[in-house]
Amino acid sequence: MSAPTLCSARLAQTPAALREGRWWLVADAGAVPIADLSFATVLDGFAEAVAAADRAVADLRARPSEPSASSTRGRR
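This text gives an overview of the structure that appears in the document. Quantities reported herein were computed from a predicted structural model and do not represent experimental measurements.

## Section: the overall build of the chain
Secondary structure summary: the chain contains one helix and three strands in total. Counting from the amino terminus, helix and strand elements in the chain follow one another as β-β-β-α. With 76 residues in all, the chain has 16% of them scored as buried. Restricting the contact set of the chain to residue pairs at least 6 apart, pairs at least 24 apart contribute 25%. Accessible surface computed for the chain: about 6200 Å², of which carbon and sulfur atoms make up 55%.

Shown next, in the form of structure tokens:
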């Protein structure tokens, strides 16, 4: 079983990793390439969704702090 040496593109907190354009399932004992095209397509979609969520969170954190509606109630 050949394993990728680096798993820097691990998908969130899953055993899936993308290396050189190919998905692998990675464990302490080694790695197995994903041969099922349907499964790889689902992983691609999940990876895109995670990346979009990460970008949205980063955008929210980059915004200047605004007072929430609840904190401004009752003030004049």
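## As for the sheet that holds strand β3 (residues 30-33)
Ordered by their spatial adjacency, three strands build an open sheet running β1-β2-β3, and the pairing between neighbours is antiparallel. Whereas interior strands pair on both sides, the edge strands pair on one side only; in this sheet they are β1 (16-19) and β3. Adjacent strand axes in the sheet meet at a mean angle of 35°, parallel and antiparallel pairs treated alike. Against the sheet, helix α1 (residues 37-62) touches β1 and β2 (22-27), its axis set at about 90° to β2.

## Description of the pairing of β2
Here β1 runs beside β2; their pairing, made up of four bridges, is antiparallel. Among the inter-strand pairings, R19 is bridged to a residue of β2, identified as R22. Between the end of β1 and the start of β2, which pair antiparallel, lie two residues, with E20 showing a positive phi angle near 50°. The sheet contact formed by β2 and β3 spans four bridges and is antiparallel. Along β3, the bridge assignment pairs W24 with P33. The loop that links β2 with its antiparallel partner β3 comprises two residues.

## Topic: a nonpolar patch on the surface
A surface patch of nonpolar side chains, amounting to about 330 Å² of accessible area, comprises L25, V32, F39 and V42. Among the structural elements, F39 can be located in helix α1.

Calculation criteria
- Residues numbered from 1 in each chain as written.
- Predicted model: local features only at pLDDT ≥ 70, side-chain atom pairs only at ≥ 80, totals over all residues.
- Heavy atoms only, no water.
- Helix = DSSP H or I, 4+ residues; strand = E, 2+ residues; numbered from the N terminus.
- Buried < 20%, exposed > 50% of the residue type's maximum accessible area, 1.4 Å probe, protein only.
- Contact = heavy atoms within 4.5 Å.
- Areas by Shrake-Rupley, 256 points an atom, 1.4 Å probe, with all protein chains shown as cover.
- Pairing = 2+ DSSP bridges.
- Axes fitted to C-alpha atoms, helices over the stretch in contact; angles between N-to-C directions.
- Patch = residues over 30% accessible without salt bridge, like charges linked within 9 Å, V, L, I, M, F, W, Y side chains within 5 Å.
- Salt bridge = Lys/Arg side-chain N within 4 Å of Asp/Glu carboxyl O.

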